[in-house]
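Below are the chains, spelled out letter by letter.
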Amino acid sequence: MYINGHWVTERSHFPVTNPANGEVIGEVPDCTPEDIDAAITAASNAQKSWKQTTAYERSGLLYRAWEIMLSRKQELAELMTREQGKPLKASLNEVQYGADFLLWFAEESKRINGQTIPSARGNQRFITQKVPVGVVGAITPWNYPISMITRKLAPALAAGCTLVLKPAEHTPLCAKAMAEVFEQAGFPAGVINVITSRDPALVGEAFCTDPRIRKLTFTGSTAVGKQLNARAAANMKRVSMELGGHAPAIVFPDADPVHAAKGLSLVKFLNTGQACISPNRIFVHKDQAEAFLAELTARAARLKAGSGFEAGNSIGPLINEAALQKVDSQVQDALAKGATLHTGGQRLTDGELAEGCFYAPTVLAGVTPEMKIYREETFGPVAPVVIYSDDDDVLAMANDTEYGLAAYIYSNDLSTAFKAFEALEFGIIGINDINPTSAAAPFGGMKNSGLGREGAQEGIEEYLETKLGGFAL
Ligand code: ADP
């Protein structure tokens, strides 16, 4: 753990394992309540001077961290593959995406502008300033163990906030490596603190109740997000919540079904489906269904599962046994209720795959609203296809979910695509585009997918308060 500029190790530890083979790859300290308090105290003390730094000083440090991150790209990516399981190429992409936030917010820190506002009174002047919210508690998930850290920390630091980070218990080593990056960049002691815990609720409770924490930023499941949001609200804390998703993808009748199947297979099986923006309900017009399913099935069947260090493998393990059981139970429930299996549908246990939590890339067709997989977020390599016949109905079906994070559309007709873009109740919509994410673009969801946006110009607003000055002359 990294508290007030010191590395803290003398604690009981918990192990970190490689999900591809179960091997223990390290251990990290399990924080005590005193550690949580020490980290919040350090952040709170550091806040006093950090908020006085100029935007240019903060920008320079973020820029330095960006340079260090890129110089350590290969090493960070290898650590990520060992700890989280994704293929090395995907880890390299994630380190780059993670670094992008440092550069983006190094720039945005210099554009925290206030306003002058005309008054109705001749002798009055209004000005506003944007000021940092104060100490931030950040909780991050394991599926994107580096980019979810920088997506929160970079705007917080740029805004002039100090923080305490608690990474997911499955991927604390990536967080430790990022703490090293920030230390090496020269951030003052106490500005960034990292605590690791096998009992996340203990830290969550402290973040929601300690009066020195002014803002909670969380990425994780909707269930935990709702609990934390309720606790934080009771103490009037600001929150940003990036929660679950259940993205629809609609292949309209005018789209090229082969092109759509290619794109959707790429985004569906990315990170073995362990992404909140993964397409989880693929709606295909009945006229396109045969061609689409043939291409999607062929592509899914060709994907190779295994160690992320072996070139050619694109399917990594699921994070743990519980995750695998949940995916399998959704698939078995769908099959029992009449879905058809085009490929996959089982755990992979050949050779060394038996050591990890590998699930075969799966394509299901004939998925209906009665099936669990239609409603519950799927966090695995399963592509559920729903065949539809009416374009208006399909938009209503796509919106018929408690989630509102991402959606995808394939159409070659401008007005069809535009109408769908406007009708869909989701925060991020890919139109013939499977990667609508960037440090420059706002990421976030509607409904039960969360509150607030990360990245883009909006990302820094989440860490700023508006202060009004009314001057009588
Ligand atoms: P996932 O299903 O992605 O593992 P979680 O919401 O369980 O989603 O985990 C996301 C993050 O939330 C992790 O850092 C985890 O440790 C943390 N977390 C889980 N439960 C709690 C809790 N009760 N309070 C605070 N943080 C929690």
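Keep in mind it's a predicted model, so treat the numbers as computed, not measured. (Residues numbered from 1 in each chain as written. Predicted model: local features only at pLDDT ≥ 70, side-chain atom pairs only at ≥ 80, totals over all residues. Heavy atoms only, no water.)

1. Here we look at the sheet that holds strand β19 (residues 428-431)
Next up, step 1: Strand order in the open sheet formed by seven strands is β14-β15-β16-β13-β12-β18-β19, and the pairing between neighbours is mixed. Each having just a single partner strand, β14 (340-343) and β19 make up the two edges of the open sheet. Each strand axis lies, on average, 20° off the axis of its neighbour in the sheet, ignoring direction.
Next up, step 2: Across the sheet, helix α9 (residues 257-269) lies against β12 (247-251), β13 (279-285), β15 (362-365), β16 (382-388) and β18 (406-410), angled at about 160° from β18, the strand it touches most.
Next up, step 3: On the sheet, helix α11 (residues 321-336) packs against β14, β15 and β16 and is oriented at approximately 30° with respect to β15. (Pairing = 2+ DSSP bridges. Helix = DSSP H or I, 4+ residues; strand = E, 2+ residues; numbered from the N terminus. Axes fitted to C-alpha atoms, helices over the stretch in contact; angles between N-to-C directions. Contact = heavy atoms within 4.5 Å.)

2. Some points on the pairing of strand β10 (residues 213-219)
Next up, step 1: Among the seven residues in β10, six count as buried, and that is most of the element.
Next up, step 2: Alignment of strand β7 (residues 135-139) against β10, held across five bridges, turns out to be parallel. By the bridge assignment for β10, Val-135 is matched with Ile-213.
Next up, step 3: Bridge count for β10 against strand β11 (residues 238-242) is five bridges, and the pairing is parallel. Residue Phe-218 lies in a different strand from β11, and its bridge partner there is Met-241.
Next up, step 4: Read as a crossover between parallel neighbours, the route from β10 over helix α8 (residues 222-234) to β11 is right-handed. (Buried < 20%, exposed > 50% of the residue type's maximum accessible area, 1.4 Å probe, protein only. Right-handed = clockwise from strand over helix to strand, strands pointing away.)

3. Focus on a nonpolar patch on the surface
Next up, step 1: The grouping of Leu-414, Phe-418, Phe-421 and Ile-431 at the surface amounts to a nonpolar patch, some 410 Å² of accessible area in total.
Next up, step 2: Take the nonpolar patch: its biggest share by element is three residues, from helix α14 (residues 414-423).
Next up, step 3: Looking at where Phe-421 falls in the secondary structure, it is placed in helix α14. (Patch = residues over 30% accessible without salt bridge, like charges linked within 9 Å, V, L, I, M, F, W, Y side chains within 5 Å. Areas by Shrake-Rupley, 256 points an atom, 1.4 Å probe, with all protein chains shown as cover. Salt bridge = Lys/Arg side-chain N within 4 Å of Asp/Glu carboxyl O.)

4. Digging into unusual backbone geometry
Next up, step 1: In this structure, Asn-271 takes a positive phi of about 55° despite not being glycine.
Next up, step 2: Within the secondary structure, Asn-271 sits in the loop between α9 and β13.
Next up, step 3: Residue class for Asn-271 comes out buried when judged on its relative accessible area of 6%.
Next up, step 4: With a phi angle near 65°, Ala-456 is a residue other than glycine that sits in the positive phi range.
Next up, step 5: The exposure class of Ala-456 is buried, given its relative accessible area of 4%.

5. Considering the sheet that holds strand β22 (residues 464-472)
Next up, step 1: In spatial order, the strands read β5-β6-β22; together these three strands make up an open sheet with antiparallel pairing. The open sheet is flanked by β5 (115-117) and β22, the only strands paired with a single partner. Going from strand to strand, the sheet's axes swing by 25° on average, the running direction of each strand aside.
Next up, step 2: Here strand β6 (residues 124-132) runs beside β22; their pairing, made up of nine bridges, is antiparallel. The residue bridging Gln-129 from the neighbouring strand is Lys-467, located in β22.

6. A word on helix α2 (residues 55-71)
Next up, step 1: Here α2 contains 17 residues, and its C-alpha end-to-end distance of 24 Å stays within 8% of the 24 Å for a straight helix at 1.5 Å per residue.
Next up, step 2: Those residues of α2 lying buried are Ala-55, Arg-58, Ser-59, Leu-61, Leu-62, Ala-65, Trp-66, Ile-68 and Met-69. (Expected span 1.5 Å × (residues − 1).)

7. What to know about the site of the ligand
Next up, step 1: Taken together, 17 residues sit near the ligand, with Thr-140, Trp-142, Lys-166, Glu-169 and Ser-221 positioned nearest.
Next up, step 2: Measuring from an oxygen atom of the ligand, one finds a side-chain N or O atom of Trp-142 at 2.9 Å.
Next up, step 3: Between the ligand and Ser-221, the relevant distance is 2.7 Å, taken from an oxygen atom to a side-chain nitrogen or oxygen of the residue.
Next up, step 4: A total of 550 Å² of accessible area belongs to the ligand in isolation, and the protein chains cover 79% of it.
Next up, step 5: When residues of the shell around the ligand are traced back to their parent elements, those giving at least two are α7 (200-209), β10 and α8.
Next up, step 6: Classifying every residue of the shell around the ligand by side-chain character gives nine nonpolar, six polar and two charged. (Near = heavy atom within 4 Å. Polar contact = N/O pair within 3.5 Å; in protein donor to acceptor, adjacent residues only side chain to side chain. Nonpolar A, V, L, I, M, F, W, Y, C, P; charged D, E, K, R; others polar.)

8. Quick notes on the packing of α2 against helix α4 (residues 88-108)
Next up, step 1: α4 packs onto α2 with a crossing angle of 160° between their chain directions and a minimal axis gap of 8 Å. The angle between the axes of α2 and α4 places the two elements in the roughly antiparallel class. Our pair here, α2 against α4, has a crossing hand that is left-handed. The residues of α4 that touch α2, namely those facing Ser-59, Leu-62, Tyr-63, Ala-65, Trp-66, Met-69 and Leu-70, are Val-95, Gln-96, Gly-98, Ala-99, Leu-102, Leu-103, Phe-105, Ala-106 and Glu-107.
Next up, step 2: When the residues that make up the contact of α2 with α4 are grouped by side-chain class, the tally is twelve nonpolar, three polar and one charged. (Parallel < 35°, antiparallel > 145°, perpendicular 65-115°, else oblique. Left-handed = near helix turned anticlockwise from the far one by under 90°.)

9. Overview of the pairing of β12
Next up, step 1: Most of β12 sits inside the fold, with five of its five residues counted as buried.
Next up, step 2: Side chains Ala-247, Ala-249 and Val-251 of β12 all project onto a buried face; the interleaved residues Pro-248 and Ile-250 project onto the opposite face, where all are buried too.
Next up, step 3: In this structure, β12 lies alongside β13, joined through five bridges in parallel fashion. What sits directly across from Ala-247, in β13, is Pro-279.
Next up, step 4: In the sheet, β12 pairs with β18 via three bridges, with the strands oriented parallel.

10. Some points on the nonpolar core
Next up, step 1: Counting 58 residues, the largest nonpolar core has Leu-153, Leu-157, Phe-182, Phe-187 and Ile-192 as its most contacted members.
Next up, step 2: With nine residues, helix α6 (residues 172-185) is the largest single contributor of residues to this core.
Next up, step 3: Within the second largest apolar cluster, 34 residues are counted, among which are Phe-358, Val-363, Ala-406 and Tyr-410. (Core = buried A, V, L, I, M, F, W, Y, C linked by side-chain atoms within 4.5 Å.)

Keep in mind these numbers describe shape, not what the thing actually does.
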